[in-house]
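Residue-level structural notes
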Amino acid sequence: MCGIAGLLSVDQQAVPEPETVRRMCDAMVHRGPDDHGLRTDGPCVLGHRRLSIIDLSEKSHQPMIDAELGLALVFNGTIYNYRELRAQLKDKGYHFFTDGDSEVILKAYREWGEDAPKHLHGMFAFAVWDMRAKTLFLARDRFGIKPLYWSLDGNRLRFASNAQALLAGGGIDTSLDAVALHHQLTLHAVVPAPRTVLSGIRKLEPGMTLTVQVDGKKQ
């Protein structure tokens, strides 16, 4: 497993907060002991803790930047059909600079947009920052194998692979969600997404995506 984290400022006057994302990533060292990365682009900061599995080279360092496509990626998981998708996308004219599955997500997003996860077979949670359109795209696999938590206040959206990382970033509403607590105590200790026991943290539902524009609008 890897650990992903990020922040999108939806306040045009706010200054990016790389230190916040760094604290979030530091809380996930156990998820990715092999490497770490941090990238700031305008209002967006992406962070990653890497567990190297498929492509062990530095070319697969994350956040992964595709300057040609104007996209940045942080990804946790495995794409089982990445070789087939790679061949398909090569036929469409895309150029690859790594041998792993992460880069396939970048090309797939540029080709199919928000429908890209429908083409991916695997377990995954990822975020793509479109440096040109200034939009952040979050996605989670159909069975919800890989976790993805997020929090939105008046100034920023933050996401991470676990709730502890979001808490490490500070500024989270930690009051109890009464509905979630009811589920926790009556549904075999399970809180269905999108709720968590904390009012300020939500889970992206399995098979769902979330697109956030720089002005804070969600879809």
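I will try to describe carefully the structure that is included in this document. If you're wondering where the values come from, they're calculated on a predicted model, not measured in any experiment. (Residues numbered from 1 in each chain as written. Predicted model: local features only at pLDDT ≥ 70, side-chain atom pairs only at ≥ 80, totals over all residues. Heavy atoms only, no water.)

With that out of the way, let us pick up the nonpolar core. Leu73, Ile105, Phe126 and Val128 are the most contacted members of the largest nonpolar core, which has 24 residues in total. Elements supplying a minimum of two residues to this core: strand E5 (71-79), helix H2 (82-91), helix H3 (102-112), strand E6 (122-130) and strand E7 (135-140). Element by element, the count of residues in this core is highest for H3, at 6 residues. Judged by nonpolar contacts, the second largest core, of 20 residues, contains Ala127, Met131, Phe159 and Leu210. (Core = buried A, V, L, I, M, F, W, Y, C linked by side-chain atoms within 4.5 Å. Buried < 20%, exposed > 50% of the residue type's maximum accessible area, 1.4 Å probe, protein only. Helix = DSSP H or I, 4+ residues; strand = E, 2+ residues; numbered from the N terminus.)

The strand order across the open sheet formed by 6 strands is E2-E3-E1-E9-E8-E10, and the pairing between neighbours is antiparallel. Where the open sheet ends on each side, the last strands, each with one partner, are strand E2 (35-41) and strand E10 (202-203). (Pairing = 2+ DSSP bridges.)

The strand order E4-E5-E6-E7-E11 describes an open sheet built from 5 strands, whose pairing is antiparallel. Edge strands, defined here as strands with exactly one partner in the open sheet, are strand E4 (64-66) and strand E11 (209-213). Averaged over neighbouring strand pairs, the angle between their axes works out to 15 degrees when direction is ignored. Alignment of E7 against E11, held across 5 bridges, turns out to be antiparallel. Within the sheet, the bridge partner assigned to Phe137 lies in E11 and is Thr211. Together, E4, E5, E6 and E7 form the strand contacts of H3, whose direction differs from that of E5 by roughly 120 degrees. (Axes fitted to C-alpha atoms, helices over the stretch in contact; angles between N-to-C directions. Contact = heavy atoms within 4.5 Å.)

For the pair H2 and H3, the least separation of the axes is 10 Å and the interaxial angle reads 50 degrees. Between H2 and H3, the angle is such that the two are oblique. Where H2 crosses over H3, the two elements pack in a sense that is left-handed. Between H2, through Tyr82, Leu85, Arg86, Gln88 and Leu89, and H3, the contact on the second element is made entirely by Val104, Lys107, Ala108, Glu111 and Trp112. Tallied by class, the residues present in the contact of H2 with H3 amount to 6 nonpolar, 1 polar and 3 charged. (Parallel < 35°, antiparallel > 145°, perpendicular 65-115°, else oblique. Left-handed = near helix turned anticlockwise from the far one by under 90°. Nonpolar A, V, L, I, M, F, W, Y, C, P; charged D, E, K, R; others polar.)

What follows covers the pattern of salt bridges. Going through the model one piece at a time under the given rule, you end up with 12 salt bridges. Ionic pairing is found between Lys118 and Asp115, a salt bridge with its closest N-O pair at 3.2 Å. Given the relative accessible area of 60%, Lys118 is considered exposed. Of the charged contacts, one joins Asp177 and Arg195 as a salt bridge, the two residues approaching to 2.8 Å between their closest N and O atoms. Of this pair, Asp177 sits in the loop between helix H4 (163-169) and helix H5 (178-186) while Arg195 sits in the loop between H5 and E10, and the two are 18 residues apart along the sequence. Accessibility expressed as a relative area gives 29% for Arg195, which makes it partly exposed. Connected through salt bridges with shared partners, the residues Glu17, Asp153 and Arg156 form a single ionic network. (Salt bridge = Lys/Arg side-chain N within 4 Å of Asp/Glu carboxyl O.)

Turning to the environment of Ala133, a few remarks are in order. Topologically, Ala133 is positioned in the loop between E6 and E7. Sequence separation between Ala133 and Ala168 is 35 residues; the distance between their C-alpha atoms is 29 Å.

With that settled, the discussion passes to H2. Those residues of H2 that fall on the buried side of the exposure criterion are Tyr82, Leu85, Arg86 and Leu89. The arc that holds the buried residues of H2, viewed along the axis, is 105 degrees, so those residues lie on one side. Turned more than 90 degrees from where H2 packs its buried face, Arg83, Glu84 and Asp91 sit exposed. Elements in contact with the buried residues of H2: E5 and H3. One or two residues past the end of H2 sits Gly93, with phi positive at roughly 105 degrees. (Arc of directions from axis to C-beta.)

Another aspect to go through is H5. For H5, the capping residue at the N-terminal end is Asp177, with a side-chain oxygen 3.0 Å from the backbone nitrogen of Val179. One or two steps after H5, the chain reaches His188, where phi turns positive at roughly 55 degrees. (Polar contact = N/O pair within 3.5 Å; in protein donor to acceptor, adjacent residues only side chain to side chain.)

No statement about biological role is implied by the geometric values presented.
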